[in-house]
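# Report on the structure
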Amino acid sequence: MLDALLQAAQALLIQPSCPICRASLEGNPAAKTGAELQPCGLCIEAYGLGQSNTSGNEPLPWKTLGTYQGEFRQLVLQIKQQPQSRTGRAVIQLLANHHPLPQGALLVPIPSWKKKRSNPLPKLIAAGFGQPSTMLLQRTRAGLSQHHLNRSMRMHNLHGAFHAAPAPHASIQPKQELWLVDDILTTGATALAAKNALTQAGHRVHGVICLARTPARRNGR
Ligand SMILES: [Zn+2]
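Worth saying up front: this structure is predicted, and the values here are computed from it rather than measured. (Residues numbered from 1 in each chain as written. Predicted model: local features only at pLDDT ≥ 70, side-chain atom pairs only at ≥ 80, totals over all residues. Heavy atoms only, no water.)

## Regarding the coordination of the zinc ion
Our working definition: Each metal's donors are the N, O and S atoms within 2.8 Å of it, or within 3.2 Å when it is Na, K or Ca, and because water is not part of the set, sites may look incomplete. Irregular is the label for any site that misses the other tests, which are tetrahedral for four donors with all angles between 85 and 135 degrees, and square planar for four donors or octahedral for six when opposite donors exceed 155 degrees and the remaining angles lie between 65 and 115. Note on classification: 1.4 Å probe, protein chains only; a residue is buried when its accessible area is under 20% of the maximum for its type, exposed when over 50%, partly exposed between these limits.
In the first shell of the zinc ion, the protein supplies Cys18 (SG), Cys21 (SG), Cys40 (SG) and Cys43 (SG), at 2.3 Å from the metal. Each of the four donor atoms around the zinc ion contributes to a set of angles spanning 106 to 114 degrees, which defines the coordination as tetrahedral. For the zinc ion, all donor residues lie on one chain, and their spacing in sequence is C-x2-C-x18-C-x2-C. Each of the two residues, Cys40 as well as Cys43, counts as buried.

Structure, rendered in structure tokens:
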């Protein structure tokens, strides 16, 4: 009896499961590859992970995993609460798999406004790509909360909000492709301000990578 219980417990522990819904992945081809972070097909469908609207060019090139609404929004909020969870790591991994970057691309996380309790997600997302990343951006000053501002107000609020850190980042190649990283892209005003600061410092910023992008109608465009 005890043996049977132990065996059952052991089976549970080693059984591959979906990092989002915890459903068993036994018999699933993904499980055989030992991909601990591969979500099940049902979760990919239900959350629309990488299914549509995953890239665009306005107001700068952006790549994402989905639209910040409905089920996916709930999932992103859950990840913001527990960024280092298996779910968080799985979704970040999925983003990296969905948008492979050219070799030599350098990732630049966008720093938070808050010094205390700053948002760890941009750094974690950058790390998930397994490519070099650097905190090249610094906040020049604290900005106002952006939530209630429209796009042009945000641009004004953000003007001069960032600057590029000086050396030891001087080792960045002049033509090296830089990608900004943030968790959620709303109007893109923050990313644009960050891009402008880096461009002025002579860097070549290609675009921004984020977990989710707010729906177009809420972008104030
Ligand atoms: Zn699942």
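Following the structure, the description resumes.
## Some points on helix α5 (residues 86-98)
Spelled out, the test is: Only DSSP runs of H or I covering at least 4 residues are called helices, and only runs of E covering at least 2 are called strands; the numbering of each starts at the N terminus. To estimate the expected span of a helix, subtract one from its residue number and multiply by 1.5 Å. Pairs of residues are marked as contacts when any of their non-hydrogen atoms sit within 4.5 Å.
For α5, with 13 residues, the first-to-last C-alpha span of 18 Å sits near the 18 Å given by 1.5 Å per residue. What α5 keeps buried is the set Arg86, Thr87, Gly88, Ala90, Val91, Ile92, Leu94, Leu95 and Ala96. Buried residues along α5 sit against α3 (41-47), α4 (70-81), α6 (121-128) and β8 (204-213).

## Quick look at the packing of aromatic side chains
Here is the rule: Aromatic pairing here means that ring centres of Phe, Tyr or Trp (its six-membered ring) are within 6.5 Å. Orientation follows from the plane angle: under 30 degrees is stacked, over 60 is edge-to-face, and everything else is tilted. Counting as a charge over the ring demands two things of the Lys NZ or Arg CZ atom: a distance within 6 Å of the ring centre and an angle within 35 degrees of the ring normal.
Within the structure shown, the criterion is met by zero aromatic pairs. A cation over a ring is seen here: Arg213 above Trp62, with NZ or CZ 4.8 Å from the ring centre.

## Section: the pattern of salt bridges
We count it as follows: Salt bridge criterion: a side-chain nitrogen from Lys or Arg within 4 Å of a carboxyl oxygen from Asp or Glu.
As enumerated under the stated definition, the model contains three salt bridges in all. Between Asp183 and Lys80 there is a salt bridge whose closest N-O contact spans 2.5 Å. With Asp183 in strand β7 (residues 177-185) and Lys80 in helix α4, this residue pair connects regions lying 103 residues apart in the sequence. For Asp183, a relative accessible area of 5% gives the class buried. Given a relative accessible area of 34%, Lys80 falls into the partly exposed group.

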